[in-house]
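Letter by letter, the chains look like this.
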Amino acid sequence: PKLLRIYAMSLAGSMTGEVAATEALGLSRVAEGGTHRYWSAGSSQTQDIELTGYGVFLLTHTGHLSEASQGARWLLHQCGASGGFSSTQGTVLALGALAAYAAAAEASGRDMSVRFAGAGGLSRELRVDSSNADVLQTLEPPDPSANLTVHASGSGTALVSAEVVYNLGFEPLPPCYDLVVNWTTEAMRGSVSSCVVPRPDCDGQSLSGMFLISVG
């Protein structure tokens, strides 16, 4: 992709940072009313995450932190609750880009208060500054179905994410195979043969092409 060539040329000094940033921004797309920025090759979300990681790296390296923050926001929206992304390579690039951006943003200082308010008397304030910026702080609201209000004040950047865990009922899938097993013994030696036949009433369902049979 062209973005990778621009990034490599910028690191090698073959292209000035300003030119590299301008060309990279010209390849990007904006979303969420202009607050999010990402790069896409149009093939998969995994590749979009990797390209956006390179984009954030480049913008951070060239000092365009305002635009880099837009890419960081987009990456954070693709992050799972456990902190990972859709692939190992994407996770490595995205976390590296976010770390580089966080380090650059930290240079301007961070001192903020994040206040949470909600039903059940919830009222809690979390402080985020240079001493605990890399520490995960959590809270569990007394009523997870109620509205939760978050208000931040101060200077710097912090990430607030909500994780909702729930169970969904589902109808069990009917068996789609008939398994016939024949066991024979001859001259103190046993042998087993099996035959798996898909049922005709399961046409249209995605059937597995591999089976594991344990004998014993």
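These numbers come from a predicted model, not from an experiment.

**Q** Give me the overall build of the protein chain: which residues, what numbers.
**A** Along its length, the protein chain carries five helices and seven strands. Relative to a compact globule of 216 residues, whose C-alpha radius of gyration would be 17 Å, the protein chain shows 26 Å and is clearly more extended. Per-residue burial over the protein chain gives 25% buried out of 216 residues. In the protein chain, once contacts between residues fewer than 6 apart in sequence are set aside, the share between residues at least 24 apart is 49%. On the protein chain, roughly 14,300 Å² of surface is accessible, and the fraction owed to carbon and sulfur atoms is 54%. A distance of 6 Å separates the average location of the 11 positive side-chain charges in the protein chain from that of its 19 negative side-chain charges.

**Q** A description of the side chain of Thr 91 should follow, citing residues and the corresponding values.
**A** By the secondary structure assignment, Thr 91 is in helix 5 (residues 88-106). Given the relative accessible area of 18%, Thr 91 is considered buried. Residues in contact with Thr 91, not counting those within four places in the same chain, are Gly 84 and Phe 85.

**Q** Pulling in residues and values, what's your account of helix 3 (residues 45-61)?
**A** Between its first and last C-alpha, helix 3 extends 24 Å over 17 residues, near the 24 Å set by a 1.5 Å rise per residue. Buried residues in helix 3 make contact with helix 1 (2-12), helix 2 (17-27), strand 2 (36-38), helix 4 (65-78) and helix 5.

**Q** So what's going on with the nonpolar core? Which residues, and what values?
**A** Across soluble globular proteins, nonpolar side chains show a tendency to be buried alongside one another. In terms of nonpolar packing, the biggest core is built from 24 residues, with Trp 39, Ile 49, Leu 58, Leu 59, Leu 75 and Tyr 101 touching the most fellow members. Listing elements by their share of this core, those giving two or more residues are helix 1, helix 2, helix 3, helix 4 and helix 5.

**Q** Give a detailed account of the pairing of strand 3 (residues 111-118), specifying residues and quantitative values.
**A** For strand 3 and strand 4 (residues 122-129), the ladder comprises eight bridges, and the chain directions are antiparallel. Bridging across to strand 4, Met 112 finds its partner in Val 128. Hairpin connection of strand 3 to strand 4: three residues between the antiparallel strands, including Gly 120 at a positive phi of 75°. Strand direction decides the pairing type here: strand 3 and strand 5 (residues 148-155), joined by eight bridges, are antiparallel. Residue pairing for strand 5: Val 114 is matched across the bridge by Ala 152.

**Q** Break down the sheet that holds strand 3 for me, with residues and values.
**A** Overall, antiparallel pairing links the three strands, which are arranged 4-3-5 in an open sheet. For this open sheet the edge positions go to strand 4 and strand 5, each flanked by a neighbour on one side alone. Put simply, the sheet's adjacent strands are angled 15° from each other on average, direction ignored.

**Q** I'd like a rundown of the pattern of salt bridges, residues and numbers included.
**A** When the charged atoms of two side chains with opposite charge come close together, those side chains can pair. As enumerated under the stated definition, the model contains one salt bridge in all. With its nearest N and O atoms 2.6 Å apart, the salt bridge here joins Arg 127 to Asp 111. Of this pair, Arg 127 sits in strand 4 while Asp 111 sits in strand 3, and the two are 16 residues apart along the sequence. Residue classification places Arg 127 among the partly exposed positions, given a relative accessible area of 40%.

Analysis parameters
- Residues numbered from 1 in each chain as written.
- Predicted model: local features only at pLDDT ≥ 70, side-chain atom pairs only at ≥ 80, totals over all residues.
- Heavy atoms only, no water.
- Helix = DSSP H or I, 4+ residues; strand = E, 2+ residues; numbered from the N terminus.
- Rg over C-alpha atoms; globule rule 2.2 N^0.38 Å.
- Buried < 20%, exposed > 50% of the residue type's maximum accessible area, 1.4 Å probe, protein only.
- Contact = heavy atoms within 4.5 Å.
- Areas by Shrake-Rupley, 256 points an atom, 1.4 Å probe, with all protein chains shown as cover.
- Lys, Arg positive; Asp, Glu negative; His and termini not counted.
- Charge placed at Lys NZ, Arg CZ, Asp CG, Glu CD.
- Expected span 1.5 Å × (residues − 1).
- Core = buried A, V, L, I, M, F, W, Y, C linked by side-chain atoms within 4.5 Å.
- Pairing = 2+ DSSP bridges.
- Axes fitted to C-alpha atoms, helices over the stretch in contact; angles between N-to-C directions.
- Salt bridge = Lys/Arg side-chain N within 4 Å of Asp/Glu carboxyl O.

Remember, this is a structural readout, not a statement about activity or role.
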